[in-house]
Amino acid sequence: MTISDNLERFAGREVVDFGPDARLDRAPDAAYRLKLDWDAYENGGTMVALLEQLLAHPRAAELEALLIGAWDFESSVEASAWLPTLCAGASRLPRLRALMLGDITAEEQEISWIKQSNVGPVLPAFPGLEVLHVRGGDGLDIDPLRHERLKTLVVETGGLPRIVLERVASAHLPALEHLELWLGTSDYGYDGTMDDLRAILAGGRFPALRYLGLRDLGLRDSEVADEVAAAIAGSPILDQIQELDLSLGTLSWEGVSALMRDPRLRNVRKLDIHHHYLDSAAVARLMALGIEIDASEPQEADEGQRYCAVGE
Amino acid sequence: MRFVVVGVPDDRRLKLFGEAVARRGWPAPRVVPYRDLLPGRPGWGTALESADAVRIESPGGDFALERELIALGAGADGDRSFLSADEARALDYDHGRIRHGRQWYVGFRSVLARIEAELERWPRILRTSSPAEIAVQCDKAACQERLEAHGVPIAPPLGVVRSHEELIERLEVWGTTRAFLKPRHGSSASGVLAYRGAGDREQVTTSVELVRGAGGVALYNSLRVRTYSRPEDVRDLVDVLGTDGLWVERWIPKASVAGHAFDVRVLVVAGRARHTMLRLSRSPLTNLHLGNRRGDPALLHTAGGAGALDRLRDAAEAAARAFPLSLHVGVDVLIAPGLGRVAVLEANAFGDLLPGWLHDGQETYDAQLDAVAA
C-alpha cells in the first residue's frame, strides 16, 4: 500500500494547507494541515516554527481539525521534536476535536521511514479530542492510551510495533467507536503475535466499538491476514462490530472461509476486504451472505515480466 | 524533403516517423541501419547523395546490434571489466538482462563519431539530430554536468559511484539518506535504484530483478517494481550496477496529484516546449512501461499550480538550449511537493516516442516536421 497523496478530507472536513497564503479564515469548517515543503525544509524551516505560527494566530481558538504533514525528508527528525510544542500550546486550541500526526506521502517519506515517537501526551493535552490518526510505526508508542471522549483511533503503519498492540489491549477508551490498525509486515517492524491480537478481539474494553479495521495485513505469502480473519471468528468482539475492515491485505479463501463459519458474520453490516487474493468463485460465496461487501481490487500473484530497455 | 533515418529497421519509431512524413506528402524516408555503419560494413551507400535531411533514431531493440556495439567498445577506455570483441560476439540473448552498459556506450559513441565525420562531408544536408549531442545525452554524468553548466536547475548531483562502499561514503559527505542511482548509460528506468539508507537500515525500490545463480548475480529489467531491504541484496545491486558507473543524485520528493506522484515529460521541439505529459506513478519510478499512467497537464491547474506548468516548461526549454543542434529533446522535469522547486532529471535524445499524445492536434513527429519545413 503506497500512500501517494495527502488527505483531501479529514474528520469530515476539507483539508487546507496552512501557510503564508492560507490563513485560518475557514476554521472551524476546514481542517488545516501544517507541512514543510522541500524548499522550506532546505531553507532550514521547522515544524516547531510552523506550529508556533499557528498557535500565535488570532483565530487558532476556532480550529477543530489539525493535520501535521511532512516535517522531515531524511528520516532524521523524530515527532518528539515538535510534539511538546503542540501539547504546550493546547490552551490555544481549545476546540480541537481531530488530530492527524503524519499526513505524509511516500515521496516525502515512506510510511516505514517516518520517525514517530510516543504520541500519547496529546491525549491528556487535548481532553476534547475525538479523532486521533497517526501514520508511521517507527518509534511509535501511544502512552498513556487513556481518553474519555476519543471516538476514532487510526494507526497506519508499514509494521506496527508490538508495544502499540499492547497499549490498545490495555487501553481505557470508553467512547471508542472506530479502531483501525494497519499491522503491516515484519519486514517493516511488525512484531506482534496472535495472542496480542486476541487480547484486543476479546472485547469488553471498548463498549462503544462499532468499526474494527485490521488492515494492511502483510505481503503475499504472509499468513497473518488469514490468521487474523480466523481469530475474529468466534471472538467476543464480533457481537458488537457493525463494520469489519480486513482490506489492503493478503486475505485468501483460507481466512475468509474460517470467518464465514461464524454465523454472527451475517450481523455485520459491512465487510471490506478490498485488495485481496480471493478468486471470483470465493468472492461469489462471500457475496451470498447477503451483507454489504467490498471485494474490489482482487490481486494475483505476479512473477513480473521482463523487458528490454530501449533507448529513449 | 528527403529524409535519411539512421535506426533499426522495422522499429516502431521508424514506422511512426515514416507515417508523419507520408502525411506531409514527402517521399518515404530512406533507412540506413546502424549495423551498416559499423566498421567493415557497407556504410551509407548512396543514401546521402539524394538526402535533404538526416535523422538519427534509437539503436535499441536489436540484440545483434547491441552485441556488435559491445564488441566495438572492446579495448577502449582501458576498462578491465570490458569483454574482448570475441567474448562480446559470443554473448547469448538473455531477455531483459542488464549488462555491459559502459562498453555498449563506448561502442555506440564510436559509431556516433563515425556518423558525425561522414555528415561533415555533407554540409548541405540538414541534420535534425547531432551525433555529438546524442553522445552527451546518453551519458547521464556528462548530460547533467552540461545542464548545470548552462544554469539549468537539476537535482543536486552526487557524482558517479562504482560500489556500495563508495555510495555510503558519498551520502555521508553530502549528509543525505536518499538518492536516485542511475546507470550512467541506461534508459527506460533500466537499472535505476531509488535508495534510502539510515543507520543500519537500507532499502532500494527498483524495476531490477536480482537473480542469484551458480554464475553469481544476474540483473534483469522487470515490469514489476519491487523493494529490496536485505543488506546483501542492496549491496549486490549497487556493486553489480556500479561496475558500469552509477550516476547519483539527491532524491527530491515529487509532488502528487490525483493520488499519484508524478514527474513531467516535456518534448522541446526547435526550442519550444510542446508535448507535455504527466507521468503518474505510485512508485518512485515514473516510466510509463512500468504500468504508470499518462496525465494531462491540465491536472496541474486543478492542483492549484497554474504557474507550475510554466516553470516546468521553462526549465525544459532551458535544458534544450544546452543542446542547440538537436531539433527535439525529451526533457523529464520534477516538481517538488507544494509545486515549488523544479529540477530537470534527464534530457533524452530519443524522447519523442509519445504516440497518440497530441499537442496542438499534432503527433510529436508532425511537430518536428513543421519545424523542419519552417
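See the structure printed just above.
J.: Break down the overall build of chain A for me, with residues and values.
T.: Secondary structure summary: chain A contains 9 helices and 12 strands in total. At 20 Å, chain A has a C-alpha radius of gyration in line with the 20 Å of a compact globule built from 312 residues. The principal-axis extents of the C-alpha atoms in chain A amount to approximately 60 × 55 × 30 Å. For chain A, with 312 residues in total, the buried portion stands at 58%. Within chain A, contacts between residues at least 6 apart in sequence are counted, and of these 68% link residues at least 24 apart. Entry remark: accessible area of chain A is about 12400 Å², with carbon and sulfur atoms responsible for 46%. Side-chain charges in chain A split into 29 positive and 52 negative, and the spacing between the mean points of these groups amounts to 8 Å.

J.: Any chance you could break down the interface of chain A and chain B for me, citing the residues and the numbers?
T.: In this assembly, 32 residues from chain A lie in contact with 58 residues from chain B. Summed over both partners, the interface of chain A with chain B comes to about 3800 Å²; 44% of that surface belongs to carbon and sulfur atoms. Counting across the interface, chain A meets chain B through 4 salt bridges. The shortest N-O distance in the salt bridge between Arg 341 of chain B and Asp 39 of chain A comes to 3.2 Å. Inspection of the region where chain A meets chain B yields 19 residue pairs in polar contact (both at pLDDT 80 or more).

J.: Could you give an account of the sheet that holds strand 2 (residues 30-33) of chain B, with specific residues and numbers?
T.: Residue and element names in this part refer to chain B. Strand order in the open sheet formed by 4 strands is 2-1-3-4, with parallel pairing between adjacent strands. Either end of the sheet is taken by a strand with one partner, and the two such strands are strand 2 and strand 4 (126-127). In the sheet, strand 1 (residues 3-7) pairs with strand 3 (residues 53-56) via 4 bridges, with the strands oriented parallel. Looking at strand 3, one finds that Val 5 is bridged to Arg 55. Packing of helix 1 (residues 12-23) onto the sheet brings it into contact with strand 1, strand 2 and strand 3, and relative to strand 1 it is tilted by some 165°.

J.: Which residues make up the packing of aromatic side chains, and what values go with them?
T.: If you walk through the whole model with that rule in mind, you get 11 aromatic pairs over all chains. Pairing Trp 71 of chain A with Trp 82 of chain A gives two aromatic rings, centres 5.0 Å apart and planes at 65°, and the pair type is edge-to-face. With a gap of 11 residues between them, Trp 71 of chain A in the loop between strand 4 (65-69) and helix 3 (83-88) and Trp 82 of chain A in the loop between strand 4 and helix 3 connect regions that are remote in the sequence. Considered together, Trp 71 of chain A and Trp 82 of chain A belong to a single accessibility category, that of buried residues. Their ring planes at 25° and their centres at 5.1 Å tell us that Trp 104 of chain B and Phe 108 of chain B sit as a pair that is stacked. With Trp 104 of chain B and Phe 108 of chain B both in helix 4 (residues 101-120) and 4 residues apart, the pair spans about one turn of that helix. Judged by relative accessible area, Phe 108 of chain B falls into the buried class, the value being 0%. One aromatic cluster in this structure is built from Phe 3, Phe 17, Trp 26 and Tyr 365 of chain B. Lying across the ring of Trp 26 of chain B, Arg 24 of chain B places its NZ or CZ 5.3 Å from the centre. Seen from the ring of Trp 251 of chain B, Arg 178 of chain B lies directly overhead, with NZ or CZ sitting 4.5 Å from the centre.

J.: Outline the pattern of salt bridges, supporting the account with residue identities and numerical values.
T.: Inspection of the entire model under this criterion finds 49 salt bridges over all chains. When the shortest N-O distance is used, the salt bridge between Asp 262 of chain A and Arg 264 of chain A registers 2.8 Å. The two residues Asp 262 of chain A and Arg 264 of chain A agree in class, both being buried. Two residues, Asp 370 of chain B and Arg 24 of chain B, come together in a salt bridge whose shortest N-O distance is 2.3 Å. Remark: Arg 24 of chain B occurs in the loop between helix 1 and strand 2 and Asp 370 of chain B occurs in helix 11 (residues 364-373); sequence separation between them is 346 residues. Among the residues examined, Asp 370 of chain B registers a relative accessible area of 35% and is labelled partly exposed. The class of Arg 24 of chain B is partly exposed, set by a relative accessible area of 28%.

J.: Mind laying out the pairing of strand 3 of chain B, listing which residues take part and the relevant values?
T.: Residues and elements named next belong to chain B. Here strand 3 shows two buried faces, one formed by Ala 53 and Arg 55 and the other by Val 54 and Ile 56. By the bridge criterion, 2 bridges tie strand 3 to strand 4 in an arrangement that is parallel. In the sheet register, Ala 53 faces strand 4, and the bridge partner there is Leu 126.

J.: Lay out the environment of Ile 335 of chain B with the relevant residues and their values.
T.: Residue and element names in this part refer to chain B. As for its placement among the helices and strands, Ile 335 is situated in strand 15 (residues 328-335). For Ile 335, a relative accessible area of 0% puts it in the buried group. Residues Ile 335 and Phe 323, 12 residues apart in the sequence, show an inter-C-alpha distance of 22 Å. Discounting residues that sit within four places of it in the chain, Ile 335 has contacts with Pro 253, Lys 254, Ala 255, Phe 262, Ala 308, Arg 311, Leu 312, Gly 340, Arg 341 and Val 342.

J.: I'd like a rundown of helix 5 (residues 162-169) of chain A, residues and numbers included.
T.: Residue and element names in this part refer to chain A. Taken residue by residue, helix 5 has Val 164, Leu 165, Val 168 and Ala 169 as its buried positions. Angularly, the buried residues of helix 5 cover 140° about the axis, an arc narrow enough to put them on a single face. Tucked inside the fold, the buried residues of helix 5 contact strand 8 (178-182) and helix 6 (194-201).

J.: Mind laying out the environment of Leu 69 of chain B, listing which residues take part and the relevant values?
T.: Residues and elements named next belong to chain B. Structurally, the position occupied by Leu 69 is in helix 2 (residues 63-73). Taking C-alpha positions, Leu 69 is 12 Å from Asp 86, a pair spaced 17 residues apart along the chain. Not counting chain neighbours up to four residues away, the residues in contact with Leu 69 comprise Leu 38, Gln 103, Trp 104, Gly 107, Phe 108 and Val 111.

J.: Tell me about helix 2 of chain B, residues and numbers included.
T.: Residue and element names in this part refer to chain B. Among the residues making up helix 2, those that are buried are Phe 63, Leu 65, Leu 69, Ile 70, Ala 71 and Gly 73. Summarising the contacts, the buried residues of helix 2 are in contact with helix 3 (85-89) and helix 4. Here helix 2 starts with a cap whose side-chain oxygen sits 3.1 Å from the backbone nitrogen of Ala 64, and that cap is Asp 62. Immediately beyond the C-terminal end of helix 2, within one or two residues, lies Gly 75, with a positive phi of roughly 80°.

Conventions and cut-offs
Residues numbered from 1 in each chain as written. Chains lettered and ligands numbered in written order. Predicted model: local features only at pLDDT ≥ 70, side-chain atom pairs only at ≥ 80, totals over all residues. Heavy atoms only, no water. Helix = DSSP H or I, 4+ residues; strand = E, 2+ residues; numbered from the N terminus. Rg over C-alpha atoms; globule rule 2.2 N^0.38 Å. Buried < 20%, exposed > 50% of the residue type's maximum accessible area, 1.4 Å probe, protein only. Contact = heavy atoms within 4.5 Å. Areas by Shrake-Rupley, 256 points an atom, 1.4 Å probe, with all protein chains shown as cover. Lys, Arg positive; Asp, Glu negative; His and termini not counted. Charge placed at Lys NZ, Arg CZ, Asp CG, Glu CD. Buried area = accessible area lost by both parts, 1.4 Å probe. Salt bridge = Lys/Arg side-chain N within 4 Å of Asp/Glu carboxyl O. Polar contact = N/O pair within 3.5 Å; in protein donor to acceptor, adjacent residues only side chain to side chain. Pairing = 2+ DSSP bridges. Axes fitted to C-alpha atoms, helices over the stretch in contact; angles between N-to-C directions. Phe/Tyr/Trp six-rings, centres within 6.5 Å; stacked < 30°, edge-to-face > 60°. Lys NZ or Arg CZ within 6 Å of the ring centre and 35° of its normal. Arc of directions from axis to C-beta.

Remember that the coordinates give geometry; whether it matters functionally is a separate question.
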